[in-house]
Amino acid sequence: MKLKYFAKKLSNAIVTLFFVLVINYFLFRVMPGNPLAMMLRDPKASPESVEKMKHLFGLDHPWYVQFGLYVKALLKGDLGMSFLFKQPVVDLIATKIVPTLLLVGVATLVSLLGGIFLGILAARKRGKKVDVFSLSFSLLTYSMPTFWVGVVLVALLSVHFTLFPTSGMSTAGMVFANSMDEVLDVAHHLLLPALSLSLVLLGQYVLIMRNSLIDELTEDYVQTAKAKGFSEKYIVRKHAVPNAMLPMVTVISINLGFMIAGAIEIETVFSWPGIGRLMYEALLNRDYPLLQGIFLIISICVILANLIADVLYGYLDPRVKG
């Protein structure tokens with residue numbers, strides 16, 4: 001890969017990040033609602049208390065001074081103090097990012113492996129029962145809202161059959177004899193939210209992989225390989241699938257970037273203690289520093305995922321290097 005190509009993509013990512021930082025700061029200043037009223041929770045608070053609260057969170061400065069202080073603190077890794085929790089935003093995000101990454105990671109891995117497998121199978125068996133079934137199943141799961149899938153699974157498997165817990169990441173008040181028991185308990189709680197998230201993603205991956213592979217199987221180089229006597233299995237594995245993965249790389253990178261924010265519905269339905277649920281609480285309480293911190297992390301994830309996709313494209317398709 002040319003160094004110039006990578007440097008160009010990296011510089012684009014840095015410029016994008018700067019604009020995101022600016023928009024991220026001013027976006028929450030134009031939102032309706034008064035954060036001071038939310039913090040004080042007392043409509044009869046004295047003017048002295050209001051001024052003291054403004055000074056404590058730096059809201060007594062002009063907007064440009066606040067923005068300068070915000071950028072200066074960011075460069076030091078300081079995302080500010082949460083209005084709601086009265087704790088550093090960095091600490092709050094650090095405690096919630098692991099459950100979200102666990103949920104998103106498991107759901108992405110399951111949906112990705114299942115989607116690629118079913119997509120390849122459907123493309124190779126185009127027009128047959130396997131193709132019709134996988135296509136119908138994918139369209140059904142892809143069209144279902146994530147939160148609705150979660151609610152249905154809870155009603156069916158947790159409430160009716162009592163097979164899984166309805167909420168949380170572990171059993172409240174449980175004392176575990178060893179680490180393995182704790183891991184199994186977390187896995188038991190993780191199964192339903194991860195299944196809900198992976199079902200929706202699975203349909204998308206199957207559809208893209210199937211259609212992309214069908215297009216590749218009609219290309220001239222595939223016909224040439226057949227004329228040379230190569231088996232269909234060899235042609236699909238060595239030639240068609242690698243080329244069909246290009247659209248998948250784009251979709252996977254975009255999904256990975258947005259998955260942290262996209263898990264908010266599942267985390268709310270299952271009371272999963274992750275970033276999505278934290279963002280929901282911050283939105284309800286106009287917690288600007290916390291919202292800014294979460295949006296900044298999400299933006300960095302999206303920009304980083306797109307940068308990785310650009311780099312992978314450079315490796316997979318030499319035509320995009322120019």
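Caption draft 1: Looking closely at the nonpolar core. Y70, L74, L79, I93, M279, L290 and I294 are the most contacted members of the largest nonpolar core, which has 26 residues in total. At 7 residues, the largest contribution of residues to this core is made by helix α13 (residues 288–316). Judged by nonpolar contacts, the second largest core, of 20 residues, contains I116, A123, L213 and V222.

Caption draft 2: Here's a closer look at the packing of aromatic side chains. Within this structure, the stated rule accounts for 4 aromatic pairs. On the numbers, 6.3 Å between centres and 10 degrees between planes, the contact of F133 with F137 is stacked. One end of the pair is F133 and the other is F137, both in helix α6 (residues 129–143) and 4 residues apart, which spans about a single turn. On the basis of relative accessible area, F137 is assigned to the partly exposed category, the value being 29%. Between F230 and Y234, the aromatic rings sit 5.1 Å apart at their centres with planes inclined by 25 degrees, giving stacked as the arrangement. A relative accessible area of 38% places F230 in the partly exposed class. In this structure Y234 comes out as partly exposed when scored by relative accessible area, which is 31%.

Caption draft 3: Inspection of the layout of surface pockets at higher detail. The volume enclosed by the largest pocket comes to roughly 420 Å³. As for the largest pocket, its lining consists of 18 residues, of which F57, L69, Y70, G80 and M81 are closest to the centre. Of all the elements in the fold, those that place two or more residues in the lining of the largest pocket are α4 (63–75) and α13. When residues of the lining of the largest pocket are assigned to their parent elements, the largest contribution, 4 residues, is made by α4. Looking at the lining of the largest pocket residue by residue, the classes come out as 11 nonpolar, 5 polar and 2 charged.

About the criteria used
Within each chain, residues carry numbers counting from 1 in the order of the written sequence. Two thresholds apply to this predicted model, a pLDDT of at least 70 for residue-level local features and 80 or more for giving and counting side-chain atom pairs, whereas whole-chain, interface and lining totals are computed over all residues. For the side-chain quantities, the full set of heavy atoms in the structure was used; hydrogens and water were omitted. Here, the term nonpolar core denotes a set of buried Ala, Val, Leu, Ile, Met, Phe, Trp, Tyr and Cys residues that are joined through side-chain atoms within 4.5 Å. Relative accessibility thresholds used throughout: buried, under 20% of the residue-type maximum; exposed, over 50%; partly exposed, between the two (1.4 Å probe, protein chains only). Segments assigned H or I by DSSP are reported as helices when at least four residues long, segments assigned E as strands when at least two residues long, and all are numbered from the N terminus. Geometry of aromatic contacts follows a simple scheme: Phe, Tyr and Trp rings, the Trp one being its six-membered ring, pair when their centres are within 6.5 Å, and the pair is stacked under 30 degrees between planes, edge-to-face over 60, tilted otherwise. Grid spacing is 1 Å over the protein atoms alone, the probe is 1.4 Å, and a cavity is where that probe fits but cannot get out, while a pocket is an open set with protein on both sides within 12 Å along at least five of seven lines and lining residues have an atom within 4 Å of a point. Grid points are joined across faces, edges and corners, and a volume is the space filled by probe spheres set on the points. Residues are sorted three ways: Asp, Glu, Lys and Arg are charged, Ala, Val, Leu, Ile, Met, Phe, Trp, Tyr, Cys and Pro are nonpolar, and all the rest, Gly among them, are polar.

So far we have only geometry, and geometry alone does not tell us how the molecule works.
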